[in-house]
Amino acid sequence: MAKFIFVTGGVVSGLGKGITAASLGRLLKARGFKVAAQKLDPYINVDPGTMSPYQHGEVFVTNDGAETDLDLGHYERFIDEDLNRYSNLTTGKVYWNVLNKERRGEYLGETVQVIPHITNEIKSFIYSVQEKTDADIVITEIGGTTGDIESQPFLEAIRQVSCEAGRSNCLFIHVTLIPYLESSGEHKSKPTQHSVKQLQSFGIMPDIIVARCDRPVDDPSIFRKIALFCNVKEDCVIENLTLPVLYEAPIMLEEAGLAKIVLRELGIEKAPQECDLTEWKHMLDRIKNSRKTVKISLVGKYVKLHDSYLSIVESLHHAGWENGAQVEINWVDSETITPETAPEILGGSTGIIVPGGFGIRGIEGMIAAADYARRNNIPYFGICLGMQIAAIAFARGVLGYEDANSTEFAPDSKHPVIALMEEQMDLADMGGTMRLGAYPCRISPDTLMMKAYGKGLIEERHRHRYEFNNKFREVYMEHGAIFSGQSPDGTLVEAMEIPGHPFYLGVQYHPEFKSRPNRAHPIFREFVKAALEVKEKNS
Ligand code: GLN
């Protein structure tokens, strides 16, 4: 019988519920369990694909092309299992499915209601991730904070799961905050008590409380008080300290006994194997021993919210650690860059990355950055939009096509070096109509791409509408660019590079989704390595 763990959050948002769920997943996997993770997001959007990164941070794309919450990136990085479209559900999607069934007459004339129709839809989603993955343990995180009006059907659904699957096969973990009051010099348990009361009013008795605190709680009576008032065992109140390195969380929670208590409360007497965190600990040692530093400029238009580029930031760190270095990010708002300001803003870094993005704002600044990198032998890595930008900068700066552009930004350009794919021309909907998910890519020998991957056929995840315009391939090649990655049938450009430069590479896909803390993505690894070499050469 599979076991179900539900992770809810209380008091405030942003407590690292996702990290807690992901860390627990790692600890259970380290004991030999097959773990699946999923997130239920109570907002009404069908998926985060059409939301502004400022609302929601990055959109994480799965192999099977689902546009999902950024917490799924934590799950993949911590648990190291690829997720799928059964890993993220929103209120919008629940209603979408229910309304489609209603239109098809599947409810046989019944009145369609929140209970049971909406809750049934949510429950079947929870069960389906278990069926699809055959997991021993499913970890389901409920987005938002207990008490949000949108969360109620989700809480009701997980309560029902605990009746159907059996209370002993389900576990509720509530993540809360123990704030510290400077004025009185003490930690406070009351917000946690209130939040648990609220959860209980929905019929959910948490079994474990994971309490986030910014500084260690020295007074153990706080935990006793929480246990007493919230009706949990004393050792089931677990301290979750804010850490300097995210990836230390599984070790901290292991030391606090989280996984052991989880198994005990689920009635699992014996795990398939002893907990093995050797590799994870080696990685943490590597992080501590990474003493070099390297500065990389990240040039984008959503830089005010760093979560907009979460997976890219993590990938840069992973790559740094594999090169024995800490990567420092120079956050650059692309609207501030012009050919004149570029040297001053970008001059202090020895690597420039232009990540993905949509819409015209800030595009000229990105082009100026790509141009500056090409002319000054600074390693450049363009991701998705960043590859398109590199192609435009090359057309303007090397081929002399002054008006070169993407038809996304200049529909009437005489040199549309980036354009829409034929089959996309007639689409009006914005949601879910892009080239999404994993596609194969063939790599040419003797290229940066081959040096990084070390093999001729790879698979990477995509999320874009526009493509390199094949009409221009020849003239690019005549002027020294190479198309080092292509779709296996040769029709789509997946990677472009400029030989003779220390590192100048753009890829049409999103490698950042596949980087792991203990297995940096090969392109990021080579990019950071090149940036370190340029730094050493300059000093
Ligand atoms: N806006 C570009 C496109 O749709 C790039 C998308 C991206 O960077 N994810 O093709």
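Bear in mind the structure is a predicted one, so any value in this text is a computation, not a measurement.

Visitor: Go over the pattern of salt bridges, please, and point to the residues and values.
Guide: Under the defined criterion, the tally for this structure stands at 35 salt bridges. Note that Lys 123 and Glu 164 form a salt bridge whose closest N and O atoms lie 2.6 Å from each other. Remark: Glu 164 occurs in helix 6 (residues 152-164) and Lys 123 occurs in helix 5 (residues 114-133); sequence separation between them is 41 residues. We note a salt bridge from Lys 233 to Glu 265, for which the minimum N-O separation is 2.8 Å. Here the residue Lys 233 occupies a position in the loop between helix 8 (221-230) and strand 11 (237-241), and Glu 265 occupies one in helix 10 (residues 258-265), the gap between them amounting to 32 residues. The class for Lys 233 is partly exposed, based on a relative accessible area of 47%. One network of salt bridges, with partners in common, ties together Lys 17, Lys 39, Asp 41, Asp 69, Asp 71 and Glu 141.

Visitor: Describe the UniProt feature "binding site: CTP" (unreviewed entry) in the chain, naming the residues involved and giving the relevant values.
Guide: UniProt feature "binding site: CTP" (unreviewed entry): in the numbering of this structure it lies at Ser 13, Asp 148, Ile 149, Glu 150, Lys 188, Ser 189, Lys 190, Pro 191, Thr 192, Gln 193 and Lys 225. A maximum C-alpha distance of 30.2 Å is found for the annotated residues, which run over 213 residues; spatially they are spread out rather than grouped. Checking the named residues against the largest pocket, the ones that line it are Ser 13, Asp 148 and Glu 150. In this fold, Ser 189 is placed in the loop between strand 9 (186-187) and helix 7 (190-201). For Ser 189, a relative accessible area of 5% puts it in the buried group. Once residues within four sequence positions are removed from consideration, Ser 189 is found in contact with Ile 222, Lys 225 and Ile 226. Its location among the elements puts Lys 190 in helix 7. On the accessibility criterion, Lys 190 (48% relative accessible area) is partly exposed.

Visitor: Report on the site of the ligand, specifying residues and quantitative values.
Guide: Taken together, Gly 356, Gly 357, Phe 358, Cys 384, Leu 385, Gln 388, Glu 408, Arg 463, His 464, Arg 465, Tyr 466 and His 510 form the complete shell of residues around the ligand. A distance of 3.0 Å separates an oxygen atom of the ligand from a polar atom in the backbone of Leu 385. Tyr 466 is positioned with one of its backbone polar atoms (N or O) 2.8 Å from an oxygen atom of the ligand. Calculation on the ligand without its partners gives an accessible area of 300 Å², and the protein chains cover 99% of this total. Taken together, the elements giving at least two residues each to the shell around the ligand come down to helix 15 (385-397) and strand 19 (457-464). In the shell around the ligand, the residues fall into 4 nonpolar, 5 polar and 3 charged.

Visitor: Give me empty space enclosed by the protein: which residues, what numbers.
Guide: All told, the structure shown has 1 cavity of 30 Å³ or more when counted by the stated rule. Reported here for the largest cavity is a volume of approximately 30 Å³. Together, Thr 8, Gly 9, Ile 142, Gly 143, Gly 144, Thr 145, Thr 146, Ser 151 and Leu 155 line the largest cavity.

Visitor: So, the layout of surface pockets: which residues are in play, and what are the values?
Guide: Looking at the largest pocket, its volume works out to about 880 Å³. Lining the largest pocket are 41 residues, with Gly 14, Leu 15, Gly 16, Lys 17 and Asp 71 sitting closest to its centre. When residues in the lining of the largest pocket are grouped by element, the largest group, 4 residues, is from helix 1 (residues 17-29). Here the lining of the largest pocket is built from residues that sort into 15 nonpolar, 16 polar and 10 charged.

Visitor: Describe the packing of aromatic side chains, with residues and values.
Guide: Considering all chains together, one arrives at 21 aromatic pairs under this definition. With a centroid separation of 5.9 Å and 80° between ring planes, the pair formed by Phe 4 and Tyr 127 is classed as edge-to-face. Remark: Tyr 127 occurs in helix 5 and Phe 4 occurs in strand 1 (residues 3-9); sequence separation between them is 123 residues. By relative accessible area, Phe 4 is classed as buried at 3%. A relative accessible area of 22% means that Tyr 127 is categorised as partly exposed. Three or more aromatic residues link up through ring pairs in this structure, and these residues are Tyr 54, Tyr 302, Tyr 309 and Trp 331.

Conventions used here
- Residues numbered from 1 in each chain as written.
- Predicted model: local features only at pLDDT ≥ 70, side-chain atom pairs only at ≥ 80, totals over all residues.
- Heavy atoms only, no water.
- Salt bridge = Lys/Arg side-chain N within 4 Å of Asp/Glu carboxyl O.
- Helix = DSSP H or I, 4+ residues; strand = E, 2+ residues; numbered from the N terminus.
- Buried < 20%, exposed > 50% of the residue type's maximum accessible area, 1.4 Å probe, protein only.
- UniProt positions renumbered as here; feature names shortened; annotations may be inferred.
- 1 Å grid on protein atoms, 1.4 Å probe; cavity = no way out; pocket = protein on both sides within 12 Å on 5 of 7 lines; lining within 4 Å.
- Contact = heavy atoms within 4.5 Å.
- Near = heavy atom within 4 Å.
- Polar contact = N/O pair within 3.5 Å; in protein donor to acceptor, adjacent residues only side chain to side chain.
- Areas by Shrake-Rupley, 256 points an atom, 1.4 Å probe, with all protein chains shown as cover.
- Nonpolar A, V, L, I, M, F, W, Y, C, P; charged D, E, K, R; others polar.
- Points joined across faces, edges and corners; volume = space filled by probe spheres on them.
- Phe/Tyr/Trp six-rings, centres within 6.5 Å; stacked < 30°, edge-to-face > 60°.

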